[in-house]
Amino acid sequence: MVGHSLVLRTSSRVKRILTGNPAVIETVMASPTEVVLTAKQPGGSSLVLWEETGKNRMMDVFADLDVASLRTALEQSYPGVDVEAQSQEGRVVLVGTVPSAAAADQMSKMALNFSKEVVNALQVAQPPRQKQVMLKVRFAEADRNKLSAFGVNLFSTGATNTIGTVSTQQFGAQALNTQNSGQGSLTQFSLSDLLNIFLFRPDINLGATIKALQQNQVLQILAEPNLLALSGQPAEFLAGGEFPYPVVQGGTAGTTGSITIQWKQYGIKLEFTGYIEGNDTVRVKVKPEVSSLDFTNTVTISGYTMPALQVRRAETEIELKSGQTFGMAGLLDDRTTVQLSKIPGIGDVPILGELFKSRNVNRTNTELLVLVTPTVVDPVTEPISAPAGQVDMPVRNLNKGEFDKGLPYPAKKPGEP
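Residues numbered from 1 in each chain as written. Predicted model: local features only at pLDDT ≥ 70, side-chain atom pairs only at ≥ 80, totals over all residues. Heavy atoms only, no water.

Looking at the overall build of the chain
For the chain, the helix and strand inventory stands at 2 helices and 27 strands. Put simply, the chain has 417 residues, and 29% of those count as buried. Of the contacts formed within the chain by residues at least 6 apart in sequence, a portion of 59% connects residues at least 24 apart. When the accessible area of the chain is evaluated, it comes to approximately 26,600 Å², of which 51% is carbon and sulfur surface. (Helix = DSSP H or I, 4+ residues; strand = E, 2+ residues; numbered from the N terminus. Buried < 20%, exposed > 50% of the residue type's maximum accessible area, 1.4 Å probe, protein only. Contact = heavy atoms within 4.5 Å. Areas by Shrake-Rupley, 256 points an atom, 1.4 Å probe, with all protein chains shown as cover.)

Topic: the side chain of Asp294
Relative to the helices and strands, Asp294 resides in strand β21 (residues 281-301). Asp294 gets classed as buried once you look at its relative accessible area, which sits at 7%. A distance of 2.8 Å separates the side chain of Asp294 from the side chain of Asn297, its partner in a polar contact. Those residues within four positions of Asp294 in sequence are excluded, and the remaining contacts are Pro307, Ala308 and Gln310. (Polar contact = N/O pair within 3.5 Å; in protein donor to acceptor, adjacent residues only side chain to side chain.)

Considerations on the sheet that holds strand β5 (residues 43-51)
Hydrogen bonding along the main chain pairs the strands of a sheet, whether they run parallel or antiparallel. In space, the 3 strands of this open sheet follow the order β2-β5-β6, with antiparallel pairing throughout. Whereas interior strands pair on both sides, the edge strands pair on one side only; in this sheet they are β2 (14-19) and β6 (56-63). Averaged over neighbouring strand pairs, the angle between their axes works out to 20 degrees when direction is ignored. Bridge count for β2 against β5 is 5 bridges, and the pairing is antiparallel. (Pairing = 2+ DSSP bridges. Axes fitted to C-alpha atoms, helices over the stretch in contact; angles between N-to-C directions.)

Describing the packing of helix α1 (residues 68-77) against helix α2 (residues 101-111)
α2 packs onto α1 with a crossing angle of 150 degrees between their chain directions and a minimal axis gap of 11 Å. Here α1 is positioned roughly antiparallel relative to α2, judged by the angle of their axes. In terms of crossing hand, the pair formed by α1 and α2 is right-handed. Of the residues in α2, those in contact with Leu70, Ala73, Leu74 and Ser77 of α1 are Met107, Met110 and Ala111. (Parallel < 35°, antiparallel > 145°, perpendicular 65-115°, else oblique. Left-handed = near helix turned anticlockwise from the far one by under 90°.)

Examining the packing of aromatic side chains
Here the structure, examined in full by the defined rule, presents 1 aromatic pair. The cationic tip of Arg16 hangs over the ring face of Trp50; the distance from NZ or CZ to the ring centre is 4.1 Å. Stacked on the ring of Tyr275, the Lys or Arg Arg283 has its end atom at 4.5 Å from the ring centre. (Phe/Tyr/Trp six-rings, centres within 6.5 Å; stacked < 30°, edge-to-face > 60°. Lys NZ or Arg CZ within 6 Å of the ring centre and 35° of its normal.)

A few points about the environment of Glu367
Within the secondary structure, Glu367 sits in strand β25 (residues 357-377). Residues Glu367 and Ala329, 38 residues apart in the sequence, show an inter-C-alpha distance of 7.1 Å.

Digging into the nonpolar core
One finds Leu135, Phe139, Leu270, Phe272, Val284, Val286 and Val370 to be the most contacted residues of the largest nonpolar core, which totals 24 residues. Broken down by secondary-structure element, the contributors of at least two residues to this core are β10 (132-143), β18 (226-230), β20 (259-277), β21, β23 (316-321), β24 (326-342) and β25. Other than its neighbours up to four places away in sequence, Val370 contacts Val137, Arg138, Phe139, Pro288, Phe326, Gly327 and Met328. Within the second largest apolar cluster, 15 residues are counted, among which are Leu65, Val83, Met107 and Leu122. (Core = buried A, V, L, I, M, F, W, Y, C linked by side-chain atoms within 4.5 Å.)

Section: the pattern of salt bridges
In total, this model carries 12 salt bridges according to the counting rule given. Glu271 is the partner of Lys269 in a salt bridge, and the nearest nitrogen-oxygen pair spans 3.5 Å. On the basis of relative accessibility, which here comes to 18%, the residue Lys269 falls in the buried class. Taking the shortest distance from any N to any O, the salt bridge between Arg283 and Glu277 comes out at 2.8 Å. Exposure remark for Arg283: the relative accessible area of 24% places this residue in the partly exposed category. Each of Glu236, Lys269 and Glu271 takes part in one network of salt bridges that share partners. (Salt bridge = Lys/Arg side-chain N within 4 Å of Asp/Glu carboxyl O.)

Here's what the structure looks like:
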């Protein structure tokens, strides 16, 4: 081995020594009958000894690397792994089976400290089959949208011949009907809308209706993706699209920069990585996101008008039992739109004009709910349902004029419809 020495003893005194490749081995006479050989580098050399008795001896000497310390290092770093390090003509050869490709790469780096030439003959053992993580996700949007309305209607049933109504146009006006009878004319009115306050003075035939109501929306399911992935492997889901976004690259002095296009994703997106711990415990790193194009906030880049993105995003890492459900809420989007209406002229009168005004307040208040249910599954070992049996369709037998099962449909005869 390189760096080691050995002693050759002869039966008689040595008169002369010849080394074929002095770069490989070095010879030193320790005594008239002892020769010390020292390996200097890997390779081969011939060695000829002449003794005083006239006898000569010729030997072939091979020197190679000492990988004993490499074997010790591999055993300490990877106990229980069946790997053998060998030296061959100045190269280090690694043979055996390792649990992963990362371990094989690390062993190869360790062998580079002994030689620049490393033959990596390691084989990666096939990992045992693992269970998988089925992630059921429900994206729901709770639309707590409130539409509040306020309006006033004044009407008269005929006092001093003032039959009519005055309305802020917020809701349907009253229908007035005048009937003539032997005792005089009779005016009646009917209401076709749900009202909050109803007032009527029969002595002056004057009435008023006031409406102040709210309307609420409910829940909407946005997406229900089911993703299946190996333990520790990421999975991704996107239900939406991509829009082009121009990016101006820097230019030289006096020149304008070039414009490149980047594609940005929007819509309903989900990224998760599940880790199975134990038999029925799942550690999940989940990142849901819901985004949409916002054309109310735009930016102009080199003549291109680009919309902004409204994004609601969350990211967390949790541990659940298989089949348990985890919910994320509180991702709100609150907007308010006010629409004012009034009767021209009288609606501008201070104090009194407030009775002749109305308004619509549209509050867009949505909350994003994300329900996550991880389940440990083993699709390889689960039983597979047998395929459905072949169904024999009844076909017509032209010879018998009836329907038989399992018979091929005969060729159509000339002139037959």
